[in-house]
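Single-letter residue listing:
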Amino acid sequence: MTIRLIGYSASYPTLRVIICLKELGLPYELEPPASYQSLKDEDFIANKHPFGKMPVLFDGDFRITESRAICRYLASKYQGKHNDIILIPKDVHKAGLVDQFISYELSYYDPPLSKLVYQEKFAKKFFNKDPDPEIIKQAHEELAKVLDVYEKLLEGKEYLNGEYSLADLVLCPGTNYVYGAGHSDLWDNRPNVKNWWSRLCNRDANKKSFEEIKSFWENN
């Protein structure tokens, strides 16, 4: 039974799922949409994502959308089956904390991060719009405040939940984009955050995914 992933690898929500698949040792087929416009086609909305978004994952006949939900599903079904990677602990308290950290990422980390990703990586290349310096400045400042909190959260720990988990994975794709787009000081100026990001970058799934996406940007 083949896992099919609908999305562009350059899209960091799609890349989030790709990293999850690699971490769990799962083979998959990536199917890029015909165009961004095709996401709003009647067929795509009816049969893939009701809001015309990506990624979409098909596991046999089962369909699931939204990158964080997809990753939770994959971990719940497949972790421990192809390797010893555990993304969601079995202990109910530790699992609850993973969800807590994912909520932090969604509510506080991702909003300024996604602004920077759009401005620095996507605006000009895909939408022919010049980056807005004011939005970049504001988002940089917002993310700095968030990372001040993460510096405290990571005190005495290698990963957010102590051990590597889905809480760390979900942050990786967007962070990789922003770190490499002239904002590395946000992580490097905070010792706990810097060491945490260095550990994440050295994971095989991230190294392979970041290298593949680097090739995409160089060749497109």
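What counts, and at which threshold
Residues numbered from 1 in each chain as written. Predicted model: local features only at pLDDT ≥ 70, side-chain atom pairs only at ≥ 80, totals over all residues. Heavy atoms only, no water. Helix = DSSP H or I, 4+ residues; strand = E, 2+ residues; numbered from the N terminus. Buried < 20%, exposed > 50% of the residue type's maximum accessible area, 1.4 Å probe, protein only. Contact = heavy atoms within 4.5 Å. Areas by Shrake-Rupley, 256 points an atom, 1.4 Å probe, with all protein chains shown as cover. Lys, Arg positive; Asp, Glu negative; His and termini not counted. Charge placed at Lys NZ, Arg CZ, Asp CG, Glu CD. Pairing = 2+ DSSP bridges. Axes fitted to C-alpha atoms, helices over the stretch in contact; angles between N-to-C directions. UniProt positions renumbered as here; feature names shortened; annotations may be inferred. 1 Å grid on protein atoms, 1.4 Å probe; cavity = no way out; pocket = protein on both sides within 12 Å on 5 of 7 lines; lining within 4 Å. Points joined across faces, edges and corners; volume = space filled by probe spheres on them. Phe/Tyr/Trp six-rings, centres within 6.5 Å; stacked < 30°, edge-to-face > 60°. Lys NZ or Arg CZ within 6 Å of the ring centre and 35° of its normal. Expected span 1.5 Å × (residues − 1). Patch = residues over 30% accessible without salt bridge, like charges linked within 9 Å, V, L, I, M, F, W, Y side chains within 5 Å. Salt bridge = Lys/Arg side-chain N within 4 Å of Asp/Glu carboxyl O. Disulfide = S-S within 2.5 Å.

S.K.: I'd like to hear about the overall build of the protein, residue by residue, with values.
M.R.: On a plain count of helices and strands, the protein comes out with 10 helices and 4 strands. Taken from N to C terminus, the helices and strands of the protein fall in the order β-α-β-α-β-β-α-α-α-α-α-α-α-α. Across its three principal directions, the C-alpha atoms of the protein cover 45 × 45 × 30 Å. Counting every position in the protein, which comprises 220 residues, the buried fraction comes to 48%. Considering only contacts within the protein whose residues lie at least 6 apart along the sequence, 68% involve residues at least 24 apart. Only carbon and sulfur atoms are counted for the fraction: they give 51% of the accessible area of the protein, which is about 11,200 Å². Each charge class in the protein was averaged separately, 29 positive and 32 negative side chains, and the resulting centres sit 1 Å apart.

S.K.: Residues and numbers for the sheet that holds strand 4 (residues 62-65), please.
M.R.: Across the sheet, 4 strands lie side by side as 2-1-3-4; this open sheet has mixed pairing. Two strands bound the open sheet, and with one partner strand each, they are strand 2 (28-31) and strand 4. Averaged over all adjacent pairs, the angle separating strand axes in this sheet is 20°, with direction ignored. Relative to strand 4, strand 3 (residues 56-59) is paired through 4 bridges, and the arrangement is antiparallel.

S.K.: How would you sum up the UniProt feature "domain: GST N-terminal" (unreviewed entry) in the protein? Please name residues and give values.
M.R.: Under the present numbering, the feature "domain: GST N-terminal" (unreviewed entry) in UniProt falls on residues 5-81. Regarding residues 5-81, the helix share stands at 40% and the strand share at 18%, and the terminal C-alpha atoms are separated by 20 Å.

S.K.: Help me get a handle on the layout of surface pockets, residues and values and all.
M.R.: Reported here for the largest pocket is a volume of approximately 760 Å³. Forming the walls of the largest pocket are 21 residues, and the residues nearest its centre are Ser 11, Tyr 12, Pro 13, Lys 53 and Met 54. Counting only elements with at least two residues in the lining of the largest pocket, the list comes to helix 1 (12-24), helix 3 (67-78) and helix 4 (92-127). If one sorts the elements of the lining of the largest pocket by residue count, helix 4 sits on top with 6 residues.

S.K.: Requested: an account of the packing of aromatic side chains, with residues and values cited.
M.R.: Taken as a whole and assessed by the stated rule, the structure comprises 10 aromatic pairs. Taken together, a centroid distance of 6.2 Å and an interplanar angle of 40° make the contact between Trp 197 and Phe 210 tilted. In this pair, Trp 197 sits in helix 9 (residues 191-201) while Phe 210 sits in helix 10 (residues 204-219), placing the two residues 13 residues apart along the sequence. Note on Trp 197: relative accessible area 4%, which makes it buried. Taken together through their ring pairs, the aromatic side chains of Tyr 179, Trp 187, Trp 197 and Phe 210 make up a single cluster. Sitting over the ring of Phe 58, Arg 4 keeps its end group 4.6 Å from the ring centre. Positioned above the aromatic ring of Tyr 164 is the side chain of Arg 203, whose terminal nitrogen or guanidinium carbon lies 3.5 Å from the ring centre.

S.K.: Requested: an account of helix 3, with residues and values cited.
M.R.: The end-to-end C-alpha distance of helix 3 is 16 Å, a good match for the 16 Å that 12 residues give at a rise of 1.5 Å each. For helix 3, the complete set of buried residues consists of Ser 67, Arg 68, Ile 70, Cys 71, Tyr 73, Leu 74, Ala 75 and Tyr 78. Looking at the buried positions of helix 3, the neighbouring elements they touch are strand 1 (3-6), helix 1, strand 3, strand 4, helix 4 and helix 6 (166-169). Immediately downstream of helix 3, the backbone of Gly 80 shows phi near 85°, a positive value.

S.K.: Run through the UniProt feature "domain: Glutathione S-transferase C-terminal" (unreviewed entry) in the protein, naming residues and quoting values.
M.R.: Summarizing the sequence annotation, UniProt attributes the feature "domain: Glutathione S-transferase C-terminal" (unreviewed entry) to residues 134-204 in the numbering used throughout. In residues 134-204, the share of helix is 73% and the share of strand is 0%. The end C-alpha atoms are 36 Å apart.

S.K.: Give a description of a nonpolar patch on the surface that names residues and reports values.
M.R.: A grouping of Tyr 36, Tyr 118, Phe 126 and Phe 127 is seen on the molecular surface, where their side chains present a nonpolar patch of about 330 Å² in accessible area. With respect to the helices and strands, Tyr 36 occurs in the loop between strand 2 and helix 2 (42-47).

S.K.: So, the state of the cysteines: which residues are in play, and what are the values?
M.R.: Evaluation of the coordinates by the stated rule reveals 0 disulfides. Left without a disulfide partner, Cys 172 is nearest to the cysteine sulfur of Cys 201, which lies 7.4 Å away. Cys 172 gets classed as buried once you look at its relative accessible area, which sits at 0%. Given the relative accessible area of 23%, Cys 201 is considered partly exposed.

S.K.: Talk me through the pairing of strand 3; I want residue IDs and the actual numbers.
M.R.: Where burial is concerned, the two faces of strand 3 agree: the one with Val 56 and Phe 58 and the one with Leu 57 and Asp 59 are both buried. As paired elements, strand 1 and strand 3 share 4 bridges and run antiparallel to each other. Paired with Leu 5 across the strands is Leu 57, a residue of strand 3.

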